[in-house]
Amino acid sequence: MKIDLADTTASGITSALLDARRHSGSPAMGMVLTLVVVAEEATIRDAMLAAAQAAHEHPARVLGVIIRGGRGAARLEASVRVGGEAASGESVLMRFYGELSRHADSVVMPLLLPESPVVVWWPGRPPANMSTDPIGSLAQRRVADTSAGSRPLATLRNVSANYAPGDTDLAWTRLTPWRTLLAASLDQHPARVAAATVEAASGSASAPLLAAWLSQRLEVDARVIRTGGPGITAVRLEVPGGEIAITRSDGRLARYSVPGQPVRSVALRRRDIAELLSEELRRLDPDDIYAQTVQEYLARTDATGRRATTGRSAAKKASAKRPSATKTSTKKALATKKAPATKTAAKKTSTTKTSTRRSAGPTRRSSR
Amino acid sequence: MSTQTSRGTAIGAMAAADLPPTWWRENPLRDPQDRRLPRIAGPCGLIIFGITGDLARKKLMPAVYDLANRGLLPPGFALVGFARRDWAQQDFEKVVHDSVRENARTEFREEVWRQLAEGFRFVPGELGDEASMQRLRVAIDELDAERGTEGNHAFYLSVPPRLFPITIQQLKAVGLADADNGGWRRVVVEKPFGHDLASAQELNRITSEVFPPQSVFRIDHYLGKETVQNLLALRFANSMFEPVWNSNYVDSVQITMAEDIGIGGRAGYYDGIGAARDVIQNHLLQLLALTTMEEPVAFDAHSLRIEKQKALAAVKLPDRLDLHTVRAQYGPGWQGGQKVGGYLDEQGIPPDSRTDTYAAIKLGIDTRRWAGVPFYLRTGKRLARRVTEVAVVFKKAPHLPFTSTETEELGNNTLVLRVQPDEGVTIRFGSKVPGTQMEIRDVTMDFAYGGAFTQTSPEAYERLILDVLLGEPPLFPQHEEVELSWRILDPIEDFWAEHGQPCRYEAGTWGPVQADEMLARDGRTWRRP
């Protein structure tokens, strides 16, 4: 059932939702969360569809928010759907005009389901700071997609710099299958990793995150090499006796090779937004590993003052020795100290590349 | 909802075989905090005996595909089919392809198929024939070389139970049962695990000669269902149910598994076995154990098993088996709009068969928690609809400040765990009917598991196959449980064998009148599920 409301308020929407539910015999809804989708006219259709699909797994009240702005009178347009396309929940699409555009949270707040978690998702460009954004601050979980905009790396940098617990990024979610395979490869082939490389299309926001994760976990300096894509095309871990390599050139089927074992295929499809969103909704507590990865990413880009993926060419990058890439034994002594300044100082003293490994001691960055 | 992760493990509560693997400590990419990463089994092979059977085509092969599609199978996974067919490799691939296309839960994707198909092998042969088994051995050795399966193999016995012993012994004879150089060998058997206590013990003797107990996986697919696992979450993760989960508040418990189908083409297996052995001994008694057991000290295989065994060991049979058990056979009738024949009309059933297609029994549990609470278990074929549920019926309020007319339509509060097909939880309680008069009537509150999105409620077989490959046994009954179940059922079966004939019920109904009378004797009625 669909109800269109031309000039309305939050209570108008609430009673429309109630009407629609009564109309369909007050079916059991069992909604587990409120999902707020903040998008633009151009992207809202796909975003709402993805949200509705994700709501199959996590029955939700989906609130679509489009900020139209403009100088006209403050006005709220809404259309309410229960059942049908909204499948296992309810959905409301709202357009905010005029002055109301700056107070969208006043409409969203009364529409949140009682007690249950609130997730805000920006399918396009996220706000400058998600956790202080008026709508973002209503949520436990804020989901950006830094890959979506026209300048993914700048967005990634910004989202990472403003990280607050509860923030996540679909660019990170996209990495789960890669990370799963990499973790499994080390389960099966336990070895000390001496170096790691991520190969990806230029402008991939996921690649620097994957490199940061590998650097943080393996205590190596993972490099990002630019390729033709699509997305991430390969990850290579240098281990004694060869390399663990997962290569995927077509975005679908990967080749998986481990020293001493036959090369095998593994399906590694690029997932669609609805699947990513579903994964994101599965756990609503802050993602600590993401937080650590973001810290590492920031540290990596801070140190050189340039982004991790500005490598000009793969060949050059491979041979050129980046000063920041070297983590010397001096670092080992300082491994337990966590002040960034100390760390930078330690890096500056480095002259050799004999040990690219960091100490095996407790190096988990303090980013709880 | 995963009930797997949350609990820590009490020290000393676990046998060595159940110790959690230490992978995350050794692998820097693993972190217990990183809950996005699922565990993938290591490279391994799944060898299915009886690949042409219904179960393999409708459940096993689709489940394998779905696992691969969800990224949970390792690169280098191999699927070996063994059957008495003259198939070439392509024929086998086509059979798997068709079965996946038809029955898989998730979307068909070419790349997933290609990953899987690289590891397909077919071995034509006959169970019990040494040469065939030698061919299988060669095929498996080849896989170890070509696919890097490293000697890790699980043998899935999807064959009639009478072939279990010979198959297991042959695996031993050709040396397939022994893992070499650090690999593992596991064997998976489907129910029935014997047809009485003696045969179950015999079967266990044969398997344990060849495989150690922790390598034997008895599949009871009910235990892989989300709701069954949720039963434990519901009971032990919440505070509001535990206080009333005892004989002070519970009036009775009804556990039902109804099927709308007849015996289909399974006459050879079913006749002589019957509903009680087929369903009550495993599914219903397992559900009973999970419903009634005390809180395990940890959510691991060993602790769970201890509690389930205690519950099963405390089960008490009624004194008068003639009054508190019923068995019946379906006669012809109309089932959901179709005219169907009776059991004796089914193909391959002797006209004088006394096999039960419906069984209802009353059990008690002799513990402080459950003393005096009757547990009614029933199962049947050709009943009105397909449903499995556990209904915990609570006592009525001791005093009602309403008149009897006002509460005429108020029944007992009930908590229903719907196991299938509509998985979820229902709570039934009284509520005022809108209007000027005070009138109280039962209403229900439903919790339903979400729809049919890619990852929701994986098929039970997916979960179980994955657990076999990972070597995680919490959801598989051990032989002690199997034997305890037979100890409960054997006296009833013996009594039935010696006394009288099965009752009759019309197909498409909720069972024989005698079952209704059985509950009426206790002043109760069956729920209509």
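Residues numbered from 1 in each chain as written. Chains lettered and ligands numbered in written order. Predicted model: local features only at pLDDT ≥ 70, side-chain atom pairs only at ≥ 80, totals over all residues.

Draft legend 1. Structural detail: the domain arrangement of chain B. All names here are of chain B. If you check the domain split of chain B, you get domain 1 (40–190) and domain 2 (224–520). For domain 1 and domain 2, the distance between their C-alpha centres works out to 34 Å. The interface of domain 1 with domain 2 comprises 17 residues on the first partner and 13 residues on the second. When residues of the side of domain 1 that touches domain 2 are traced back to their parent elements, those giving at least two are helix H2 (54–69) and strand E5 (185–190). Looking at side-chain class alone, the side of domain 1 that touches domain 2 contains 11 nonpolar, one polar and five charged residues. (Domains from an automatic or database assignment. Contact = placed C-beta atoms within 7 Å. Helix = DSSP H or I, 4+ residues; strand = E, 2+ residues; numbered from the N terminus. Nonpolar A, V, L, I, M, F, W, Y, C, P; charged D, E, K, R; others polar.)

Draft legend 2. Expanded view of the environment of Phe375(B). Residue and element names in this part refer to chain B. With respect to the element layout, Phe-375 can be found in strand E13 (residues 375–380). Along the chain, Phe-375 and Ala-391 lie 16 residues apart, while their C-alpha atoms are 9.9 Å from each other. The residues touching Phe-375, leaving out its near neighbours within four places in the chain, are Val-253, Ile-255, Leu-288, Leu-363, Gly-364 and Ile-365.

Draft legend 3. Region of the structure containing the sheet that holds strand E8 (residues 167–169) of chain A. All names here are of chain A. The eight strands lie next to each other as E1-E4-E5-E3-E2-E6-E7-E8, forming an open sheet whose pairing is mixed. Looking at the sheet topology across the chains shown, the edges are occupied by strand E1 (2–5) and E8. Averaged over all pairs of adjacent strands, the angle between strand axes in this sheet comes to 15 degrees, irrespective of strand direction. Contacts from helix H2 (residues 41–57) reach strand E2 (33–39), strand E3 (60–69) and strand E5 (90–97), with the element oriented near 170 degrees to E3. (Pairing = 2+ DSSP bridges. Axes fitted to C-alpha atoms, helices over the stretch in contact; angles between N-to-C directions.)

Draft legend 4. Just the sheet that holds strand E6 (residues 216–219) of chain B, in detail. Residues and elements named next belong to chain B. Within the open sheet, the six strands sit side by side as E3-E2-E1-E4-E5-E6. Their pairing is parallel. Here the strands that pair on one side only, and so sit at the sheet edges, are strand E3 (120–124) and E6. Taking the axes of each pair of neighbouring strands and ignoring which way they run, one obtains an average angle of 20 degrees across the sheet. Relative to strand E4 (residues 153–157), strand E1 (residues 45–49) runs parallel, the two sharing five bridges. Paired with Gly-45 across the bridge in E4 is His-153. Along the sheet, helix H3 (residues 89–103) contacts strand E2 (78–83) and E3; its crossing angle with E3, the most-contacted strand, is approximately 115 degrees.

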